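# Architecture and fold: a report
Chain residues, written in single-letter form:
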Amino acid sequence: MNKKIKLFLNSCALILSLSGVLLNVSSCDKKETPTVSTLESFKLSLKNHKDNTLATGEKDQIVINFDKDTKIDDKWTFTYESSDQSILSVNDTDGTLEALKEGSVEIKVTEKSSKVSEILNVTINEGDEEFSAFAPKGAPLLAVYDSVVNKKGFEVAGNNTDVPVQLKANKYNYIIFDSVSALKLTNGVKKADGTVTTATSSYTYYGLLTAGNFHLVSRKYDREPQKGDKILTFMKGQSPDMALKSCYKELFDKDNISNITYVQDNTKMPAALIAGQYEGNPIDYFLIAEPALTSAKSKITENNVIYDLNLNDKIKEITNGEFDYIPQAGLFVRNDYLKLKPNYVENYWKDVKNQMKNAYSGNIQELEKSINTIEFDKQAGKYGFDINLVKKLQSGGANKFGIANPDKEVTLSDINKFLEKVNADFQINK
């Protein structure tokens, strides 16, 4: 036999032999695939909600139930699937779930090896309303006059400076506050120099309640203010301050700014007007809001107000009629509450607009029904005004409280346009 052929055959034999050994060794080490019992059926339920109904924000766990005759195999693997994750979020491996918004979903649970599936129908609603609100005294409370006394969970600030503190604390589901000031916190701003600030409070602007009730008044002069006049104002950098600066730019020149004095809390303004001075310094002009103005005038014994300019009229003049209002107090809704209970929020807003219509039109009979549930001598302590003051300022649709037109929506874009018109050095982030 040819030596090369012989060598080739011997080599083949060796390879086959070695291969056989490897195969044998391999077959010796091979593990048997575990047997998984076939699952024929099962049932589903929720651990904590036996009626399969959750409120938005609630969490639970899918429970798999077997017949008593079923021999349970710990190797069974189940997957979980929601027909709409935006309504009911379900973890696909452990069956934990969270209700996100109102609706109905199907939860499909499947055992992988047996390919057996079952469906659980789950309903999500908004649950209880969980109402809570915080607001300053004064004109904004007339826009929600009925809520103040008939809505459990409505709280009135003892001091107006407490409101921005609560806006940052994210405690209340509703906050009423100066729109521009609140939007700086809830949205952040972009300044004229390009500087951008971000939100520090988790609320959403929902609508305007009051549209300007600021008056520039004097007990000395029957004319507009001039350079050199001593002016007392409030809320530096906020709506009333911006409006005053827009109307009288020359008064805020650097060579005249020393004549402008600010009070931190506008509740101090009536006492200053009555006294004609602030911290011992005589004042020529006061920027004050209704109804505090009328209340203060009733207590001045001599040299009463002889000059009274409604700042809305001046705003209308300098904007060529485009704006006849100042975006003052707004209703703000906490973001997570709005997300979980949008229907409750919208229904409350409808209720507020009905209250605003009564206040705006001067429907005194309806206003009396709510406000007079509080004893007359305690009304001013609760609202910042009493029913007699309401009658004086709102009867016949006079609307001296400055309630916003409930039929006119004032959006964030409208507020930014206002800021542009009054030459503010910033815009609210959208």
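This text goes with the structure placed above it.
Summary of the structure given here. (Residues numbered from 1 in each chain as written. Predicted model: local features only at pLDDT ≥ 70, side-chain atom pairs only at ≥ 80, totals over all residues. Heavy atoms only, no water.)

### Observations regarding unusual backbone geometry
In terms of backbone geometry, most residues other than glycine have negative phi values and most peptide bonds are trans. Looking along the chain, the bond that leaves Glu-290 and enters Pro-291 is cis, with omega of 5 degrees. Mapped onto the elements, Pro-291 comes out in the loop between strand E19 (285–289) and helix H8 (292–297). Here the phi dihedral of Asn-170 falls at roughly 55 degrees; this positive angle occurs in a residue that is not glycine. The exposure class of Asn-170 is partly exposed, given its relative accessible area of 25%. Backbone geometry at Asn-303 places phi at a positive 50 degrees, although glycine is not the residue there. Tracing the sequence through the fold places Asn-303 in the loop between H8 and strand E20 (307–310). (Helix = DSSP H or I, 4+ residues; strand = E, 2+ residues; numbered from the N terminus. Buried < 20%, exposed > 50% of the residue type's maximum accessible area, 1.4 Å probe, protein only.)

### Things to note about the environment of Leu-209
With respect to the helices and strands, the residue Leu-209 is situated in the loop between strand E13 (203–208) and strand E14 (214–218). Here the alpha-carbon distance between Leu-209 and Ala-133, two residues 76 residues apart in the chain, equals 14 Å. Not counting the four nearest positions on each side in its chain, Leu-209 is found in contact with Ala-143, Ile-176, Ala-329, Gly-330, Leu-331, Trp-349, Val-352, Met-356, Gly-402, Ile-403 and Ala-404. (Contact = heavy atoms within 4.5 Å.)

### Describing the layout of surface pockets
A volume near 990 Å³ is recorded for the largest pocket. Around the largest pocket, the lining is made up of 43 residues, and of these Lys-137, Asn-160, Asp-265, Asn-266 and Thr-267 lie nearest the centre. Counting residues per element, the ones that place at least two in the lining of the largest pocket are helix H2 (139–143), strand E11 (174–178), helix H5 (179–186), strand E16 (260–263), helix H7 (269–275), E19 and H8. In terms of residue count, the dominant contributor to the lining of the largest pocket is H5 (3 residues). Split by residue class, the lining of the largest pocket holds 22 nonpolar, 13 polar and 8 charged. Of the voids in this model, the second largest pocket is the one considered here, and its volume is about 490 Å³. Taken together, 25 residues make up the lining of the second largest pocket; nearest its centre are Gly-212, Asn-310, Asn-312, Asn-399 and Gly-402. (1 Å grid on protein atoms, 1.4 Å probe; cavity = no way out; pocket = protein on both sides within 12 Å on 5 of 7 lines; lining within 4 Å. Points joined across faces, edges and corners; volume = space filled by probe spheres on them. Nonpolar A, V, L, I, M, F, W, Y, C, P; charged D, E, K, R; others polar.)

### Regarding the pairing of E11
Most of E11 sits inside the fold, with 5 of its 5 residues counted as buried. The pairing of strand E9 (residues 133–135) with E11 spans 2 bridges and is parallel. For Phe-134, the partnering residue across the bridge sits in E11 and is Ile-175. Bridge count between E11 and strand E21 (residues 329–334): 5 bridges; the pairing is antiparallel. Bridge pairing in E21 places Phe-177 opposite Gly-330. (Pairing = 2+ DSSP bridges.)

### Quick word on the sheet that holds strand E6 (residues 96–99)
On the basis of which strands lie adjacent, the open sheet formed by 4 strands has the order E1-E3-E6-E5 and antiparallel pairing. Sheet topology places strand E1 (43–46) and strand E5 (88–90) at the edges, where each strand pairs with a single neighbour. Taking each pair of neighbouring strands and ignoring which way they run, the sheet shows an average axis angle of 30 degrees. The pairing of strand E3 (residues 59–65) with E6 spans 3 bridges and is classified as antiparallel. Note on E6: the bridge partner recorded for Gln-61 is Thr-96. (Axes fitted to C-alpha atoms, helices over the stretch in contact; angles between N-to-C directions.)

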